[in-house]
Amino acid sequence: MTPTHKQSDPSEEKSPTTEKQSGRGSASAVQSVDRAVSVLEILARHGEAGVTEIADELDVHKSTAFRLLGVLENRGLVAQAKDRGKYYLGAGVLRLAGAAAVRLDISQEGVPVCRELADELGETVNIAILDDDAAVNIMQARGTASVTAQNWLGRRTPLHATSSGKVLLAHMPPTLREGLLARPLPRFTERTITGASMLRAELEAVVEQGYGLTIEELELGLAAVAAPIRAHDGKVIASISVSGPVYRLNTDRLPELAKRTVAAGAELSRRMGYGF
């Protein structure tokens, strides 16, 4: 059947200058984003579809659908079956979905592990993930001794001055890590490590011993120990930490806390598929 000819969208025929002058540039951009999302939804619903089918569902000209598919293909969000000319969802969508799933899975699987550790040690337990140049706490459990402790949930904390941050820094790709170490390292207390060379040595120790420590590097009176959480492929995707006042997390107690935190990290890694 011959596809119905679609009239060209007026917005497609306007030059950027005309759009800017008419004040419709932003509206056009939003419309393009909406259409691109609709393309992904169409492919998710049908499995695969051709340009004509997509144009018909969007009620746009084929040239518009083709341009949308081209942008999405360049981003890896759609791919084309060369033998049939049909488009389907690409690996980029799986990558995005996987990132969201990992965060969700860690939060869900982390509940019993964090709760047990917090109950056993009586201290605050957090799970943190990397967010650009910071560690973000996505889950928290409080022990009996930490009922008045501050809430770290949702907070972005510096990588170089926290135990979780050091774990995440130590296990990230070297190029990315060096890029972060090339930036100024803010000082929060007299004990904050602000020199890149000294921090590199600290991160090497984190990898070797299997956990990271901070003692009054972010806040006076605060100490913490953290261990890595690994995905099924061995990649470190998060960290689990125990934090509390230095008078409770003292040098005599820290080795045992580190041992228990590493064990909790290993258990959560197992729940995430590592080791199978």
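Up top is the structure these notes are about.
Residues numbered from 1 in each chain as written. Predicted model: local features only at pLDDT ≥ 70, side-chain atom pairs only at ≥ 80, totals over all residues. Heavy atoms only, no water.

Chemist: Explain the pairing of strand 7 (residues 222-230) to me, using residue names and the numbers behind them.
Modeler: Burial runs high along strand 7: eight of the nine residues are buried. Sheet analysis places strand 6 (residues 212-215) next to strand 7, joined by four bridges and oriented antiparallel. By the bridge assignment for strand 7, I215 is matched with A223. In the sheet, strand 7 pairs with strand 8 (residues 236-245) via nine bridges, with the strands oriented antiparallel. Bridge pairing links P228 to S239 in strand 8. Between strand 7 and strand 8, which pair antiparallel and follow one another directly, the connecting turn spans five residues, one of which, G234, has a positive phi of 90°. (Buried < 20%, exposed > 50% of the residue type's maximum accessible area, 1.4 Å probe, protein only. Helix = DSSP H or I, 4+ residues; strand = E, 2+ residues; numbered from the N terminus. Pairing = 2+ DSSP bridges.)

Chemist: Account for the packing of helix 8 (residues 174-181) against helix 9 (residues 196-209), with residues named and values stated.
Modeler: Contact geometry for helix 8 and helix 9: axes closest at 11 Å, N-to-C directions at 145°. In the crossing of helix 8 with helix 9, the sense of the turn from one axis to the other is right-handed. Only A196, L199, R200 and L203 of helix 9 make contact with helix 8, whose side of the interface consists of R177, E178 and L181. For the contact of helix 8 with helix 9, the per-class residue count stands at four nonpolar, no polar and three charged. (Axes fitted to C-alpha atoms, helices over the stretch in contact; angles between N-to-C directions. Left-handed = near helix turned anticlockwise from the far one by under 90°. Contact = heavy atoms within 4.5 Å. Nonpolar A, V, L, I, M, F, W, Y, C, P; charged D, E, K, R; others polar.)

The values are spatial; any link to function lies outside them.
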